[in-house]
Structures are given as structure tokens and as C-alpha cells.
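Survey of secondary and tertiary structure
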Amino acid sequence: MNDLKRLVSDKKMLWAQILIALVLGVVIGLILSPKGMAVLGPSSAEQVAQWVALPGKLFLALIQMVVIPLVMSSIVLGIAGNKDTNFLKRVGLRIFPYFVGTTLVSVCLGVAVVSLFSPGSYVDSDLLSSLGVSSALALSQEPATISIPERVAAMIPANFTQSTLDKDMFAVVMYAGFIGVALTTLIAKQKTLLLDLTQAVQSLSLKIVNWAMRLAPFAVFGLLCDITIRIGVDVLLGVSAYVGTVIAGLVLLLVVYLLLVSMVGRFNPVQFLKSIKEAQLLAFSTSSSAAVMPLSMQIAEQKLAVEKPIVQFIVPLGATINMDGTALYQVIAALFLTQVFGIHLSDSQIVMLMLTTVGASIGSPSTPGVGIVILASVLASFGIPPSGIALILGVDRILDMCRTTLNVTGDLTACIIMNRWLAKHVG
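Overview of the structure. (Residues numbered from 1 in each chain as written. Predicted model: local features only at pLDDT ≥ 70, side-chain atom pairs only at ≥ 80, totals over all residues. Heavy atoms only, no water.)

Thoughts on the overall build of the protein
Rules: Labels follow the DSSP assignment, with helices taken as runs of H or I lasting at least four residues and strands as runs of E lasting at least two, numbered in each case from the N terminus. Burial classes: relative accessible area under 20% of the type maximum marks a residue as buried, over 50% as exposed, and values in between as partly exposed (1.4 Å probe, protein chains only). When checking whether two residues touch, look at their non-hydrogen atoms; a contact exists if any pair is within 4.5 Å. Using a 1.4 Å probe, the Shrake-Rupley method yields the accessible areas, and only the shown protein chains count as cover for residues.
What the protein contains, in helices and strands, is 22 helices and 0 strands. Residues counted as buried form 51% of the 427 residues belonging to the protein. If you take every contact in the protein between residues at least 6 apart in sequence, the share linking residues at least 24 apart comes to 86%. Accessible surface for the protein amounts to roughly 18,100 Å². Of this, 67% is attributable to carbon and sulfur atoms.

Describing the nonpolar core
Filter applied, for reference: Residues belong to one nonpolar core when they are buried, are Ala, Val, Leu, Ile, Met, Phe, Trp, Tyr or Cys, and are joined through side-chain atoms within 4.5 Å.
If you look at the biggest cluster of nonpolar residues, it comprises 73 residues, and the most contacted ones within it are Phe 59, Ile 95, Phe 272, Leu 282, Leu 304 and Ile 314. Looking at this core, the element that brings in the most residues is helix α4 (residues 54-80), giving 14 residues. Apart from residues lying up to four places away in sequence, Leu 304 is in contact with Phe 267, Phe 272, Ser 275, Ile 276, Ile 299, Leu 412 and Ile 416. Judged by nonpolar contacts, the second largest core, of 38 residues, contains Leu 375, Leu 391, Val 395 and Leu 406.

A few points about the pattern of salt bridges
For the record, the criterion: By salt bridge we mean one thing: a side-chain nitrogen of Lys or Arg within 4 Å of a carboxyl oxygen of Asp or Glu.
Under the counting rule described, the total for this entry stands at 2 salt bridges. In this structure, Glu 278 and Lys 303 form a salt bridge, with 3.7 Å as the shortest nitrogen-oxygen distance. Separated by 25 residues along the polypeptide, Glu 278 in helix α15 (residues 269-286) and Lys 303 in the loop between α16 (289-302) and α17 (308-321) bring together distant segments of the chain. Classification of Lys 303 as partly exposed rests on a relative accessible area of 37%. Here Asp 400 and Arg 403 are joined by a salt bridge, their closest N and O atoms 3.5 Å apart. With Asp 400 and Arg 403 both in helix α22 (residues 396-422) and 3 residues apart, this pair spans about one turn of that helix. Here Asp 400 matches Arg 403 in class, with each residue buried.

Description of helix α14 (residues 240-263)
Cut-off, in case you're wondering: The span you would expect from a helix comes to 1.5 Å times its residue count less one.
In a regular helix each residue adds 1.5 Å, so 24 residues correspond to 34 Å; α14 covers 34 Å between its end C-alpha atoms and thus fits that length. Burial in α14 covers these residues: Tyr 242, Val 243, Thr 245, Val 246, Gly 249, Leu 250, Leu 253, Tyr 257, Leu 258 and Val 261.

Details of unusual backbone geometry
Even without glycine at this site, Ser 118 takes up a positive phi of about 45°. With respect to the element layout, Ser 118 can be found in the loop between α5 (87-117) and α6 (125-128). Note on Ser 118: relative accessible area 26%, which makes it partly exposed. One non-glycine residue, Arg 266, lies in the positive phi region at around 55°. Here Arg 266 shows up in the loop between α14 and α15.

Here we look at the environment of Ile 179
Counting through the fold element by element, Ile 179 comes out in helix α10 (residues 169-183). Along the primary structure Ile 179 and Ser 73 are separated by 106 residues, whereas in three dimensions their C-alpha atoms are 9.9 Å apart. Excluding residues that lie within four positions of it along the chain, Ile 179 makes contacts with Met 72 and Val 76.

Structural notes on the packing of aromatic side chains
Filter applied, for reference: By convention, a stacked pair of Phe, Tyr or Trp rings (six-membered ring in the case of Trp) has centres within 6.5 Å and planes under 30 degrees apart, an edge-to-face pair has planes over 60 apart, and any other such pair is tilted.
Here the structure, examined in full by the defined rule, presents 2 aromatic pairs. Taking the centre distance of 6.0 Å and the plane angle of 55° together, the rings of Tyr 98 and Phe 99 count as tilted. Overall, the relative accessible area of 10% leaves Tyr 98 in the buried class. For Phe 99, a relative accessible area of 3% puts it in the buried group.

A closer look at the packing of α16 against α22
Under the convention used in this document: Note on method: axes are straight lines fitted to C-alpha atoms, helices fitted across the in-contact stretch only, with angles between N-to-C directions ranging 0 to 180 degrees. Crossing handedness follows the turn of the near helix against the far one: under a right angle anticlockwise gives a left-handed crossing, and clockwise gives a right-handed one. In the scheme used here, Gly and all other residues not listed as nonpolar or charged are polar, with Ala, Val, Leu, Ile, Met, Phe, Trp, Tyr, Cys and Pro taken as nonpolar and Asp, Glu, Lys and Arg as charged.
Taken N-terminus to C-terminus, the directions of α16 and α22 make an angle of 30°; their axes are 11 Å apart at the nearest point. Crossing geometry of α16 relative to α22 is assigned as right-handed. Here Ser 289, Val 292, Ser 296 and Ala 300 of α16 lie close against α22, whose contacting residues are Thr 404, Asn 407, Val 408, Leu 412 and Cys 415. Looking at the contact of α16 with α22 residue by residue, the classes come out as 5 nonpolar, 4 polar and no charged.

Quick word on the packing of α14 against α22
To keep it simple, the criterion reads: By definition in this entry, angles of less than 35 degrees are roughly parallel, angles greater than 145 are roughly antiparallel, angles of 65 to 115 are roughly perpendicular, and the rest are oblique.
For the pair α14 and α22, interaxial distance at closest approach is 10 Å and the crossing angle is 10°. Classed by the angle they form, the pair α14 and α22 counts as roughly parallel. Together, Tyr 242, Val 243, Val 246, Ile 247, Leu 250, Leu 253, Leu 254, Tyr 257, Leu 260 and Val 261 of α14 and Leu 399, Cys 402, Arg 403, Leu 406, Thr 409, Gly 410, Thr 413, Ile 416 and Ile 417 of α22 make up the contact between the two elements. Grouping the amino acids of the contact of α14 with α22 by side-chain chemistry returns 15 nonpolar, 3 polar and 1 charged.

What follows is the structure in C-alpha cells.
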């Protein structure tokens, strides 16, 4: 784990560099955007946006290149690297109910804020008239409806190679889990050999991540500048009530996390926020939980003093199935569109929407933009016109950045809670 400890050792002020890059990216993006100060024309702005986004794309490509071996090696080491074979049972009986519970809390918050603010009533009719232009895009992103039995069967990765090609991180986690459990049953000689090999895979992956982190400030600047050049401020103003409602829900979810950290984890919430700010800024900038996972592991172990086996198990697992921010966003977006189109949902339908959202968010890929794809499947289940996605498509990247920040915060909160419950059982 020495590579993990050195991950940002030469970047002690990484959070400050990321924050400066974030501000500069937005400011310069607004200056160059045709929808901002219009220094460049539309065609020139498009070309410039592609080039400034290049460092960000390279950063994400480097992270995505090693995310599967890193996730697998971390989970295997987290399970099989612990001398106490009962550790897996203890952590499993606690972490899965915890993840489901916090996801249910997040969707309840989403229903509460969207019912309170009714953002759909503020949408201008002129915006609705433009939906026909982009409805084909929304429809083309709608995934096929899969029954519950099929979903359960699909949890077992029958073809790991195909799962890897599809970037199905939930299948990767399941595969790594089976390997980790199986390793605990082997004789000491075989187990030690395989654990050493797995440790080497993790070290190699973290070495590449270490190289990628050197690009982080440039990646943040490029990604933020790119999205600002493309959307300007007009799109944000058009659905500002919706954006404000989502952000309000995410702030309430953050408050819930801080209460859990303080009351259950017995950890100072102010110190918690100070410790995780680098991960939050990187999550906000990249919109990818997977990209932040190595940094989250480093922060959890070094700054939050979480035991290494807990970190190795919780963070990769959380980056795959603990998507509280995404779940909150999806339920708000769905109910927002029901308000826009004048669709009335009964109480039982709202409950079903909440449960569907919880199920859809678990195992969703930890990559940018996937929330819109998942949302399409949720809308189709309740007769909400999928063309409505066009109304929120323009602001999705901004909200994706916000909800990813909460997803990562939720993973680190889980580390604090599980460390409080399980640290004394770690062998």
C-alpha cells in the first residue's frame, strides 16, 4: 500500500490546485462561450472546447484503463487479506443494509423537496416547444426493460470477459467477491502466493493512478472549461427551479451524512469535510466515482484513520452500488417531469417509483452521464414521456457533477461508520 500512501504525497495542496483550476475553467469558459461573452463564434468555440477538454479525457482514460484491476484487487485483498474469516460476514451483514437504508433516505428526501418546491410549475411553455428536436436522442438512450428475475440472474457474471467489455462494474465486484471468498478457503501456501500476486496488481494499478493524478488540475480545468463553453448560462436559467431543487436535496443529503458521521461514527463533521475536500472537488470536476476511488481510498486510510481492510472492501464496493446522490437526482427528475406534463401519480405509484429508483441506482456504472440512461428506464416504467429528458439534458452534466460529489461523500461516510462498528474485529 506504499503506492497508495504516495498517491498524492507530492500534491499536498491538490485540493487548492483543483479549486483554482475549477474557477479558472468556469471563468474562461464563460468568456469564450457563444452563450457567454461570445469572444468566439459557435464553430470556433466547438473546436476550442474539444482541445481544452483533452487533458480531462486523457485523465479519465488513464483511470478507466486500470479501474477494473484496481477494483478487483482491492476487493480481493479486502476480503481474503484479513486473517479473521468472520470479517466478511460481519461487514456484509452491516454494509448492505446500510447502503440500502441510506439510498431509501435519499429518495425520501428527493420526494420531499420536489413536492415542496414543485419545480415543474416554473417551466416556461417555450421550453416545452423545443422538446421535439431532442426527443429522438432521449428515446435512443432508453435501455430495454428487464424483469426482476432477469436482473437477479444477471447479478452473477456468467461471462466475465463480456462484463469487462461492457464495463459492468457490478459484475466485476461480484466476480472479485467470489474470488476473495474462495481464497479464504485455500491452504496457506496457495493463499499467500495469490495474495502476493493480487497485491502486485494493485500496486501496478496505483502507480498508473499516481501518474494520472499529476494531470488532475489540468483535467479539471479542461473539463469545466469545455462544459461551460458548450452550455453557457442560458440553459441553467431556463430550468433554474429544477436545478435548485436537486441541489437543495443534495444539501439535505449532505446534512444526513454529517449527522451520521457525528452521531454514529463519533467523528467531528467539520474535520470530516476538511479531510475529504480533495475527493469532493475531484468528484465534482470529473463526474466519475471510479476516477476518484483511488484518492478516496488514500483519504479514508490516512486522513480518516479507517482500517485498511475496511477501506479496501467498502470504497470499491461503494463506488459501484452506493449511489445515493444519483438515486435522489433520479426521483426528483422523474417527479419534476410528471409536474411538467401534468401527470398525477398516486401514493402507491410514488412508492413504487422510489423502490424502482433504489433498484436502478444500485450497480449503475460509475462513469459520467450514466444517470440520464438510467432515468430513461425509470420514466418508461411509469408512463412518463421519455422526450422530457430533452428538457433536462442541457443541465445534466452540471447536476451529474453535484450528485457524484455526494456519491463519493457517501462512500467515505460509510467508511467512518463501518470503521466504528468493525475496527475491533479487523485481524
